[in-house]
Amino acid sequence: MGTPELAATVLRRLADWPDGGIVAVYTQPDRPAGRGHKLQASPVKQAAQALGLPVRQPENFRDSGAVAELAALAPDVLAVAAYGLILPQTVLDIPRLAPLNVHTSLLPRYRGAAPIQRAIMENWQPGAESGVSIMRMEKGLDTGPIYAQRRVALAGQTAGSLHDVLADVGGEALIDVLEQLCAGTAAAVPQDASQASYAAKVFKEDGHVDWTRSLAEVDARIRGVTPVPGARTLLCLEGIAEPLLVQLGPGQAEAFGRGETVACGSVRRDRAGLSIACADGWYRLRRVRPPAKKEMDAEALCNGLLQKVPPGLVGIARRPDAVGA
């Protein structure tokens, strides 16, 4: 049971498992997408069709018929990854062995909608980790006991790259738990609710960079919203008439020189491109995307749209929400 690409990766790993079989794949109904708003199958449905697996797409499980159809399959296990639908207790009670969920955090931390992004955005300390938990599902939100966890270092990860790593790691961990369930050796450990935290859904405004923060915090924020919803800043620069809203990719941290003091948000142009001052150093921009343009190097932006901007301290970077951008 799943919908996005993460779940499709887990599905493909399950399909390769020689000791089990997939009786059906559940995913959300096709949704309108793109400029033409044509119905588009989810990544899970596309993967299932490529594997020749039967697909079910109930709108929800409030319909007793959908529950009865699933029960008639008599599954030993429900394997769920980012399904996007609430499963009532009548569904969780169906599998003979367990309803399992692949959750992309080290539970009980980061229960909820955006564990990958929040783990990166909020953990900028050296040695920070996230990971995958395989839990037994229950009625509460990500509250079930844990069968297994796998840890992954956060250093250098973006939300996109961590997503791909955790999809692979999650598929492998799920197989390990399934083998233990079949052997009767699986043991689930209750979560410590006192350590729980919630990973709220990420919105566009979460990508608005606050340059008064430290280099580590700014870098974590940008990596955590890359590629979606993307980090943004508003450049107010000498030589250009209107502020320029740009989307930022991860950059490079450079500590201030001895005795150097610069106001947070100050923008510096040099031969390599643009840097923006944080609380404790310069954040050098690497990849940027101006409005209605393709992504480019910061140097290319300077040589194009910003060619009239002189070298040196040339302006200020602001949060876009300060002007409603």
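Worth saying up front: this structure is predicted, and the values here are computed from it rather than measured. (Residues numbered from 1 in each chain as written. Predicted model: local features only at pLDDT ≥ 70, side-chain atom pairs only at ≥ 80, totals over all residues. Heavy atoms only, no water.)

**Details of the sheet that holds strand E17 (residues 287–289)**
Cut-off, in case you're wondering: The criterion for strand pairing is that DSSP finds at least two bridges linking the strands in question. Numbered from the N terminus, helices here are DSSP runs of H or I no shorter than four residues, and strands are runs of E no shorter than two.
The 9 strands lie next to each other as E13-E16-E15-E14-E19-E11-E12-E17-E18, forming an open sheet whose pairing is antiparallel. Of all the strands in the sheet, just strand E13 (252–255) and strand E18 (296–297) have a single pairing partner and so form its edges. Sheet topology note: the strand E15 (residues 273–277)/strand E16 (residues 281–284) ladder contains 3 bridges and is antiparallel. Along E16, the bridge assignment pairs Ala277 with Trp282.

**Quick look at the packing of helix H1 (residues 5–15) against helix H6 (residues 159–183)**
Worth spelling out the cut-off: A fitted line through C-alpha atoms serves as each axis, taken over the contacting stretch for helices, and the angle formed by two N-to-C directions is quoted from 0 to 180°. By the definition adopted for this analysis, an angle is roughly parallel if under 35 degrees, roughly antiparallel if over 145, roughly perpendicular if from 65 to 115, and oblique otherwise. Note on convention: the crossing is left-handed when the near helix lies turned anticlockwise from the far helix by less than a right angle, right-handed when the turn is clockwise. Here, residues are in contact when the closest pair of their heavy atoms is within 4.5 Å.
As a packed pair, H1 and H6 sit with axes 9 Å apart at the nearest point and diverge in direction by 40°. Judged by the angle between their axes, H1 and H6 are oblique. In this structure, H1 crosses over H6, and the sense of that crossing is right-handed. Note on element contacts: H6 touches H1 through His163, Ala167, Asp168, Gly171, Glu172, Leu174, Ile175 and Leu178, opposite Glu5, Leu6, Thr9, Val10, Arg13 and Leu14.

**Regarding the pairing of strand E11 (residues 231–237)**
Put simply, the rule is: Between buried and exposed lies partly exposed: a residue is buried under 20% and exposed over 50% of the maximum accessible area for its type, with that area taken using a 1.4 Å probe on protein chains only.
Counting buried positions along E11 yields 6 of 7 residues, so the element is predominantly enclosed. One ladder, built from 5 bridges, connects E11 with strand E12 (residues 244–248); its direction is antiparallel. When the bridges of E12 are listed, Ala231 appears paired with Leu248.

**Concerning the pattern of salt bridges**
Pairing is possible between side chains that carry opposite charge, provided their charged atoms lie close to one another. Definition in use: The term salt bridge refers to a pairing of a side-chain nitrogen on Lys or Arg with a carboxyl oxygen on Asp or Glu at a separation within 4 Å.
Counted according to the given criterion, the structure contains 19 salt bridges. A salt bridge links Glu129 to Arg151; the shortest N-O distance between them is 2.8 Å. With Glu129 in strand E8 (residues 129–136) and Arg151 in strand E9 (residues 146–153), the pair connects residues that are 22 residues apart, well separated along the chain. You can call Arg151 exposed: its relative accessible area is 55%. For Arg287, the salt bridge is made with Asp297, and the minimal N-O distance between the two is 2.6 Å.

**What about the sheet that holds strand E6 (residues 98–103)?**
Spatial strand order, E5-E6-E8-E9: 4 strands in an open sheet with mixed pairing. One side of each edge strand has no neighbouring strand; the edge strands of this open sheet are strand E5 (77–80) and E9. Recorded for the sheet is a direction-independent mean angle of 15° between the axes of neighbouring strands. Here E8 runs beside E9; their pairing, made up of 7 bridges, is antiparallel. Residue Val132 lies in a different strand from E9, and its bridge partner there is Arg150. Along the sheet face, H6 touches E5, E6, E8 and E9 and points at about 150° away from the line of E9.

Take it as geometry only, folks, not as evidence of what the structure does.
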